[in-house]
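# Observations on the model geometry
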Amino acid sequence: MQYEYLFWSMAAVVAAALAGGALCGRLGSVKHALAGVAALAAAVFVAVFVLSRRGGFSDLSVMLSIAAFMFSLVIGAAASLLTRRILRRR
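A few points on the structure. (Residues numbered from 1 in each chain as written. Predicted model: local features only at pLDDT ≥ 70, side-chain atom pairs only at ≥ 80, totals over all residues. Heavy atoms only, no water.)

## Quick word on the overall build of the protein chain
For the protein chain, the helix and strand inventory stands at three helices and zero strands. In sequence order, the protein chain lays out its α and β elements as α-α-α. Scored against the burial criterion, the 90 residues of the protein chain give a buried share of 28%. Once local pairs closer than 6 in sequence are excluded, the contacts in the protein chain between residues at least 24 apart make up 72%. Working note: accessible area of the protein chain is about 5,900 Å², and carbon and sulfur atoms make up 72% of it. (Helix = DSSP H or I, 4+ residues; strand = E, 2+ residues; numbered from the N terminus. Buried < 20%, exposed > 50% of the residue type's maximum accessible area, 1.4 Å probe, protein only. Contact = heavy atoms within 4.5 Å. Areas by Shrake-Rupley, 256 points an atom, 1.4 Å probe, with all protein chains shown as cover.)

## What to know about helix H3 (residues 61-89)
With 29 residues, H3 should cover 42 Å at 1.5 Å per step; its first-to-last C-alpha distance of 42 Å lies within 8% of that length. Along H3, the residues classified as buried are Ser61, Leu64, Ser65, Ala68, Ser72, Gly76, Ala77, Ala79, Ser80 and Thr83. (Expected span 1.5 Å × (residues − 1).)

## With respect to the packing of aromatic side chains
In total, this model carries two aromatic pairs according to the counting rule given. Judged by centre distance (5.1 Å) and plane angle (75°), the rings of Phe7 and Trp8 are edge-to-face. Exposure class is identical for Phe7 and Trp8. Each is exposed. Between the aromatic rings of Phe45 and Phe69, the centroid separation amounts to 6.4 Å while the plane-to-plane angle is 90°, which identifies the pairing as edge-to-face. Here Phe45, found in helix H2 (residues 30-54), pairs with Phe69, found in helix H3; they are 24 residues apart in sequence, far enough to count as distant. Residue class for Phe69 comes out partly exposed when judged on its relative accessible area of 26%. (Phe/Tyr/Trp six-rings, centres within 6.5 Å; stacked < 30°, edge-to-face > 60°.)

## Details of a nonpolar patch on the surface
A surface patch of nonpolar side chains, about 500 Å² in accessible area, is lined by Phe45, Val46, Val50, Val62, Ile66 and Met70. Within the residue set of the nonpolar patch, elements represented by two or more residues are H2 and H3. Position of Val50 among the secondary structure elements: in helix H2. (Patch = residues over 30% accessible without salt bridge, like charges linked within 9 Å, V, L, I, M, F, W, Y side chains within 5 Å. Salt bridge = Lys/Arg side-chain N within 4 Å of Asp/Glu carboxyl O.)

## Notes on H2
Relative to the 36 Å expected for 25 residues at 1.5 Å per residue, H2 spans 36 Å between its end C-alpha atoms, a close match to the ideal helical length. Those residues of H2 not exposed but buried are Ala33, Gly36, Val37, Ala41, Val44, Val48 and Ser52. Looking one or two residues past H2, Gly56 carries a phi angle of roughly 95°, positive in sign.

Written out as structure tokens, the structure is:
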């Protein structure tokens, strides 16, 4: 049951990164968009760290937090740059 919880949690992290990246892609410049994505990834890091300590993964909380941060950063940056490109072509 714990690994199913872990799977759905990581799916939620990816969905949040996609949505946050798409929203950050609407900001004025690439610099602001990537700063927004970095702030979102930092918030995801903290949330995963706190929730994993409560959810029975306290021994893996640091590793899970770093993985969630990296997933959020990469996926959010890609989503934000893609959003900027789509909006620029319209």
